[in-house]
Amino acid sequence: MTAPLSHYFIYTGHNSYLTGNQLSSDCSDVPIIKALKRGVRVVELDIWPNSTKNDVHVLHGRTLTTPVELMKCLKSIKEHAFSASPYPVVITLEDHLTPHLQAKVAKMLAETFGDMLFVPQCECLQEFPSPEELKYKIIISTKPPKEYLKAESKDGTRSNSVKARDSDDDEWGKEPQDLTADQEDETKSDSDISDENEAYDNERPLEAADYKRLIAIHAGKPKGGLKDVLKVEPDKVRRLSLSEQTLEKAAESHGTDLVRFTQKNILRIYPKGTRFTSSNYKPLVGWMHGTQMVAFNMQGYGRAMWLMHGMFRSNGGCGYVKKPDLQMNVGPDGQVFNPKETLPVKKTLKVKVYMGDGWHLDFKQTHFDLYSPPDFYCKVGIAGVPADQIMKKTKPKEDNWTPVWEQEFTFPLTVPELALLRIEVHEYDMSEKDDFAGQTCLPVSELKPGIRAVPLSDRKGEMLNSVRLLMRFDFV
């Protein structure tokens, strides 16, 4: 944990204060507390003036979400920040405030966190400190006040049209590789705030000086195309925010530029604005390109979220996972890891599924089928780089609460460091869609060879009390 922050994948939330959907749910500190207890290390707060312009509220702007006071959120962060992990918590602020209110926020932050607040010695860091150096620290990340300029790129405009809604196509969601970012989302990030702030800065630039001093990780999006945006500056580091669609476009044409940028700087990816139901996107596109902050709607669920839970089981669940060396290495001619390149097989994982048990203790006798015992089958597969992705399944075992499958699967892996083992159990139904019976996702890098009892979770990621699979893992 002694490398710079940019060398780690960091467990990151998006709109961390929302209790439900993105348009009309309540804002609260409760989902923030829940996320921190799960090990999330990056909390996002959208801060706006209240109706009388004398205090600061947290809410999803220009929607029907009900606000919560900023101070309440800050106090809850202070109380719960390190309940699951001692490593630093980053608060990313999407700031819509006047300089007067920015000064008020600076005072709130200083008074609430005191010595817990990491305040850099210089205005711009040349390299990020390590998680070890920042233990028990709170880090503020946003755009410095003078830089709130209206975004000139097309993704800075806001759309009022309701585009294709992102709902899970069934109880457990689409396959991660089927999740698409087909529309250009037109939401604002902390890189795309209106020019109101520019006018405020010209009015009273000194009022926000204390606020600017507390910003440890500077966010900002330089003007120009993707090549300019991803330029690595020798004398400073920064955080860049891109939408999930922009990332997918960049991955097509600037994959190695993304990897090179994320070796030193921090990249944050956020969900497109049409994910009204708080669904999520493919996290592996970001991770493959070295993205540290793949921001997720933590109140959502489905297969994409299961991958997120799986990734951050690594490293003791502390919220920081070291990026593989192959993403950090630079060749003699400056070459870096190319996610599009298919590499040779590095190791092969063998998975044997013996049997499952515990459903009769956790579910009613009629939960899966009114008239007979369930017909369970198990799906086992890999989420990772495209060459490694695959899903296989056992045959259904009819009318049995304790199914015995005794089937083995082999998975050749080209980048095992980024591979996640996906396990799902479903109940086969001839006349309707199959019922969901449990899931888990495990980082391949942390699998130990041998026979294991693997606990399964529900579709929200909460562990089932009794359900276990008996499995064997081997590497060849």
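Cut-off values and rules
- Residues numbered from 1 in each chain as written.
- Predicted model: local features only at pLDDT ≥ 70, side-chain atom pairs only at ≥ 80, totals over all residues.
- Heavy atoms only, no water.
- Buried < 20%, exposed > 50% of the residue type's maximum accessible area, 1.4 Å probe, protein only.
- Helix = DSSP H or I, 4+ residues; strand = E, 2+ residues; numbered from the N terminus.
- Contact = heavy atoms within 4.5 Å.
- Polar contact = N/O pair within 3.5 Å; in protein donor to acceptor, adjacent residues only side chain to side chain.
- Salt bridge = Lys/Arg side-chain N within 4 Å of Asp/Glu carboxyl O.
- Phe/Tyr/Trp six-rings, centres within 6.5 Å; stacked < 30°, edge-to-face > 60°.
- Lys NZ or Arg CZ within 6 Å of the ring centre and 35° of its normal.
- Axes fitted to C-alpha atoms, helices over the stretch in contact; angles between N-to-C directions.
- Parallel < 35°, antiparallel > 145°, perpendicular 65-115°, else oblique.
- Left-handed = near helix turned anticlockwise from the far one by under 90°.
- Nonpolar A, V, L, I, M, F, W, Y, C, P; charged D, E, K, R; others polar.
- Pairing = 2+ DSSP bridges.
- Arc of directions from axis to C-beta.

Chemist: Would you explain helix α1 (residues 30–38) in this entry?
Modeler: In an α-helix, one turn spans 3.6 residues, which is why side chains three or four residues apart end up on the same side. Those residues of α1 not exposed but buried are P31, I32, I33, A35 and L36. Those residues of α1 that are buried lie in contact with β2 (42–49), α2 (70–80) and β5 (89–95). Following α1 by one or two positions, G39 adopts a phi angle in the positive range, close to 110°.

Chemist: Help me understand the side chain of T246, please; the structure alone is not making it clear to me.
Modeler: Structurally, T246 is set in helix α7 (residues 244–253). Looking at T246, its side chain comes within polar contact range of the side chain of S243, at 2.8 Å.

Chemist: Would you take a moment to explain the pattern of salt bridges for this structure?
Modeler: If charged atoms from side chains of opposite charge come close, those side chains can pair. Per the stated rule, a full pass over the model turns up 18 salt bridges. Between K104 and D55 there is a salt bridge, with its nearest N and O atoms 3.8 Å apart. Here D55 lies in the loop between β2 and β3 (56–58) and K104 lies in helix α3 (residues 99–113), a separation of 49 residues in the sequence. If you follow the salt bridges from partner to partner, you end up with K227, D257 and R260 in one network.

Chemist: I'm lost on the packing of aromatic side chains in this one. Help?
Modeler: What describes a pair of aromatic rings is the distance from one ring centre to the other and the angle between the planes of the rings. Scanning all chains against the criterion turns up 13 aromatic pairs. Taken together, a centroid distance of 6.2 Å and an interplanar angle of 85° make the contact between Y8 and Y320 edge-to-face. Of this pair, Y8 sits in strand β1 (residues 8–13) while Y320 sits in strand β11 (residues 320–322), and the two are 312 residues apart along the sequence. Y320 matches Y8 in its accessibility class, with the two residues each being buried. Aromatic rings pair up to connect W359, F363, F368, F376 and W401 into one cluster. Above the ring of F411, the side-chain terminus of K392 is found at 5.0 Å from the ring centroid. In this arrangement the basic side chain of K393 is found over the ring face of Y377, its NZ or CZ atom lying 5.2 Å from the centre.

Chemist: Explain the packing of α1 against α2 to me, please; I cannot follow it from the model alone.
Modeler: Packing of α1 against α2 leaves a shortest axis separation of 9 Å and a crossing angle of 20°. Of the possible angle classes, the one that applies to α1 and α2 is roughly parallel. In this structure, α1 meets α2 at a crossing whose hand is right-handed. Residue-level inspection shows I32, I33, L36 and K37 of α1 in contact with α2, the latter providing C73, S76, I77 and H80. Its residues placed into classes, the contact of α1 with α2 shows five nonpolar, two polar and one charged.

Chemist: Where do I start with the pairing of β5 in this structure?
Modeler: Each regular strand carries side chains that alternate between the two faces of the sheet. β5 sits mainly inside the fold: seven of its seven residues count as buried. Burial along β5 is two-sided: the face carrying V89, I91, L93 and D95 and the face carrying V90, T92 and E94 are both buried. Relative to β5, β2 is paired through six bridges, and the arrangement is parallel. Looking across to β5, one finds that E44 is bridged to T92. In this structure, β5 lies alongside strand β6 (residues 138–142), joined through four bridges in parallel fashion. Residue pairing for β6: V89 is matched across the bridge by I138.

Chemist: Help me understand the environment of E244 in this model?
Modeler: Looking at the element boundaries, E244 is found in helix α7. When its relative accessible area of 3% is taken as the criterion, E244 is described as buried. Sequence-wise, E244 and V285 are 41 residues apart; in three dimensions their C-alpha atoms are separated by 9.1 Å.

Chemist: Help me understand α2 in this model?
Modeler: Taken residue by residue, α2 has L70, C73, L74, S76, I77 and H80 as its buried positions. The buried residues of α2 occupy an angular sector of 165° when projected down its axis, which confines them to one face. Seen from the buried face of α2, the exposed residues on the opposite side, beyond 90 degrees, are K75 and E79.

Chemist: What's the story with the side chain of S6 in this structure? I'm lost.
Modeler: Residue placement: S6 occurs in the segment before β1. On the basis of relative accessibility, which here comes to 2%, the residue S6 falls in the buried class. Not counting chain neighbours up to four residues away, the residues in contact with S6 comprise F128, T262, Q263, K264, N265, I266, Q292 and K323.

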